[in-house]
Amino acid sequence: MSQEKASGGALPGPVKQTSGGRLPWRLEYDSSRIRTPWWTPILSVALALLLCAIFIYANGMSPVTVYLKMFKGAFGTSYGITETLVKAIPLLLCGLGIAVAYRISVWNIGAEGQLTVGAMAATAVTVYFPNLPGLWSIVLMLIFGVAAGAFWGLLTAIPKTHFGVNELITSLMLNYVALLALDYVVFGPWKDPKGFNMPGSPVFTDAQSLPVLGATRLHIGLIFALVAVVIYYLMVRFTRWGYELRLIGANPTAARYAGIHIKRHIIIVMLISGGLAGLAGMAEVSGVSHKLMQGISPGYGYTAIIVAWLAKLNPLGLVVTSVLFGGLIVGGFSVQTIGLPSSISEMLQGAILFFLIAGDMVTRFRIRRGA
Amino acid sequence: MDFVTQLLIAAISAGTPLLLATLGGILNERAGIIQLGAEGLMLMGAVTTCIVFIRTENLGVALLASVGVTALLGMIHAFLCITLRANQTMSGLAMTLFGSGFSAYLGKSISGNPLPGILPRLHLDFLKPVPVIGDIFGNLDVLTWLSFVLVIVLHLLIHRTSWGLHLRAVGDSPATADVMGVHVRLIRYGYVTIGAMLIGLAGADMVLTVAPTWNEGLTAGRGWIAVGLVIFARWNPVRALLCAYFFGALDSLGFRMQLLGSAIPPYFLKMIPYVVTILVLMYLGYRNRNKPSGTPESLGVPYVREQRF
């Protein structure tokens, strides 16, 4: 192997690593194994459920009852299923945005804030232009929501590209800023005068609300999200831009030598990432809550991080995982009826992520006979 | 006491948890492991302190429990990052997500219950006659004094001892350290665990001084500010003290302006620490654009023996 390397092979061969010692078997680490087996995400979810079952049991509840309750709440009734899909919409949109950024290792964890400002900007349209004719409200709300989210993404991108500031810190700090700004407008200037002193904007008119499917809460945002997934797939797979993204993701040094403008790509992916989260925020206020209020997002931006990671940035995987996690959120709400906190679903999400990243690496180890 | 002295006292009290968490982060990152789980670790430290303190009414046991729990979580992070060579960013995020969910779950039963006490204070009466010093240092709590001691100890450890040399070597060039006979993995495990314990102690401090009761998500991003402060302090414990108090002052300045009936809405005052974190990091990035930032050279890179790059 050293011969091959010396003879000028540009790519280093797989690095095989062994643990020392005198055991009858050895552990071998194969760093060239980048693709993980299809079953690791499934196993991670199962192990996370098992771990949390232990905590639930230790807390004096039956894990079977709790999990059944969660499952029935999320997928057991037609109401549950539509609610799960309603929750899957922002997860899919934010998860897609996060996946685009992760393609070139930009760790956007600010989807929560980007979603919040998107929702605020969409509401601003209803507050300042209350009587627009026809479809204009919706169109303007869409534009404002996406633009505000993209702007919030830009606030993370510029410090990274021009000042070398870690995007994790910036995007997270901006989440807190966005949530405080939300508190300010719902308690202050945009508070509904007819709202019995409750924080929140006035309720949207029909012209300001996204159309819903029949008598459910499932709104047209689902179409936006699915269209976005298809565009994501086509862009990444078939355009020059997508090729450059994949190249930067695979080897940033090589990409730089190839003359790819990495800074510009960082700014573009953050604009897209933020814009999609802003769209999610617009869809939430206009399609679900029909007014701006506190807690517009029960942590969609954070859950979407796991959605993106669990899906391995794969478009179809994103659809599946966002429905799964939508179900987890709905299930988390439904256990509240038996006196458990809904944070159980957050705990599960963290545990799933733990097992997932561990699983990605564990599957690179192989046990070999002989020392 | 005049306004400035009061602000200094408030800055120290609000800055102590930031300082402890920053010191923990510095130890982690000096050893070459990124710790983005600070927020989750602080929450777990805080909730453990509350639960054990309410159950046992013994502060010492509560602090030990919180340090123990966060040490365990730190070891999980170390196992993922060092043994399994997992993505350190993702592991830290998982820690934060799991920590905030699990702490909310655990703390549900005691949410809002007052704790049976706060941190004992050291009354140094002999300092009383000294004008400003007496007011500031005469009545500090034990964890604040511990943080002072830690700053000195860690400064000496990192810059003046052979252990510190090993620590820096492991963070800057693990391969070289390994060749020189330093046990890279052991040292990394050790400092990640100790770092996590300090971050857990920061959570305990927060809950025992600022508001002696558990509320879901009570750290409100302090863990992330500490992650920023590690960079701001350029991985140096003494700078960490100054930076933490600067942010403590910002934090309490907003609160004080609110009390004084400032015309600025409180929401904007609460934004100050977050916005300033970003601006300061941008300034530092701009000023040090052509200089080494002081980042440990191998930060975030898993060390694999016999592997080049």
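Parameters and conventions
Residues numbered from 1 in each chain as written. Chains lettered and ligands numbered in written order. Predicted model: local features only at pLDDT ≥ 70, side-chain atom pairs only at ≥ 80, totals over all residues. Heavy atoms only, no water. Helix = DSSP H or I, 4+ residues; strand = E, 2+ residues; numbered from the N terminus. Expected span 1.5 Å × (residues − 1). Buried < 20%, exposed > 50% of the residue type's maximum accessible area, 1.4 Å probe, protein only. Arc of directions from axis to C-beta. Contact = heavy atoms within 4.5 Å. Patch = residues over 30% accessible without salt bridge, like charges linked within 9 Å, V, L, I, M, F, W, Y side chains within 5 Å. Areas by Shrake-Rupley, 256 points an atom, 1.4 Å probe, with all protein chains shown as cover. Salt bridge = Lys/Arg side-chain N within 4 Å of Asp/Glu carboxyl O. Phe/Tyr/Trp six-rings, centres within 6.5 Å; stacked < 30°, edge-to-face > 60°. Lys NZ or Arg CZ within 6 Å of the ring centre and 35° of its normal. Buried area = accessible area lost by both parts, 1.4 Å probe. Polar contact = N/O pair within 3.5 Å; in protein donor to acceptor, adjacent residues only side chain to side chain. Nonpolar A, V, L, I, M, F, W, Y, C, P; charged D, E, K, R; others polar.

### Re helix α8 (residues 221-238) of chain A
All names here are of chain A.
- For α8, built from 18 residues, the straight-helix expectation of 26 Å at 1.5 Å per residue is met to within 8% by its first-to-last C-alpha distance of 25 Å.
- Within α8, the full set of buried residues consists of Gly-221, Ala-225, Ala-228, Val-229, Tyr-232 and Val-236. Take α8 and look down its axis: the buried residues cluster within an arc of 105 degrees, on one side only.
- The inward-facing, buried residues of α8 abut α4 (78-103), α9 (240-250), α11 (262-289) and α13 (315-334).

### A few points about a nonpolar patch on the surface
All names here are of chain A.
- Together, Tyr-128, Phe-129, Leu-135, Trp-136, Val-139, Ile-143 and Phe-144 make up a nonpolar patch on the protein surface, roughly 750 Å² of accessible area in all.
- With four residues, the single largest contributor to the nonpolar patch is helix α6 (residues 136-163).
- Secondary-structure assignment places Trp-136 in helix α6.
- Looking at Trp-136, the relative accessible area reads 52%, which means it is exposed.

### Section: the environment of B:Met42
All names here are of chain B.
- Within the fold, Met-42 resides in helix α2 (residues 38-56).
- As for Met-42 and Leu-106, which are separated by 64 residues in sequence, their C-alpha atoms are 14 Å apart.
- In this structure Met-42 touches Pro-17, Ala-21, Ile-199, Ala-202, Gly-203, Met-206, Thr-219, Arg-222 and Gly-223, once residues within four positions along its chain are discounted.

### So, the packing of aromatic side chains
- Enumeration over the complete set of coordinates arrives at 22 aromatic pairs over all chains.
- A centroid spacing of 4.4 Å and a plane angle of 35 degrees characterise the contact between A:Phe55 and B:Phe102, whose relative ring orientation is tilted. You can see A:Phe55 sitting in helix α2 (residues 39-58) and its partner B:Phe102 sitting in helix α4 (residues 88-107), one on each of two chains.
- Here a set of aromatic residues connected by ring pairs shows up, and it is made of A:Phe55, A:Phe354, B:Phe98 and B:Phe102.
- A cation over a ring is seen here: A:Arg237 above A:Phe238, with NZ or CZ 5.7 Å from the ring centre.

### A look at the pattern of salt bridges
- A full pass over the atoms with the stated rule returns five salt bridges over all chains.
- One salt bridge in this structure joins A:Arg240 and A:Glu244, with 3.0 Å as the shortest N-O distance. Of this pair, A:Arg240 and A:Glu244 both sit in helix α9, four residues apart, which is roughly one turn of that helix.
- Residue B:Arg222 pairs with B:Asp251 through a salt bridge whose shortest N-O separation is 2.9 Å. Separated by 29 residues along the polypeptide, B:Arg222 in helix α10 (residues 222-232) and B:Asp251 in helix α11 (residues 237-259) bring together distant segments of the chain.

### Regarding the interface of chain B and chain A
- In this assembly, 47 residues from chain B lie in contact with 44 residues from chain A.
- Buried area between chain B and chain A, summed over both chains or domains, comes out near 4200 Å², and the portion from carbon and sulfur atoms is 83%.
- Contact with chain A buries surface across chain B, with B:Met90, B:Tyr105 and B:Tyr267 losing the most and accounting together for 18% of the total.
- Our count for the chain B to chain A interface comes out at zero salt bridges.
- Run the count over chain B and chain A and you get one residue pair in polar contact (both at pLDDT 80 or more).
- Of all elements in the fold, only α3 (59-83), α4, α10 and α12 (266-287) of chain B reach the threshold of two or more residues within the side of chain B that touches chain A.
- Take the side of chain B that touches chain A: its biggest share by element is 13 residues, from α4(B).
- By residue class, the composition of the side of chain B that touches chain A is 30 nonpolar, eleven polar and six charged.

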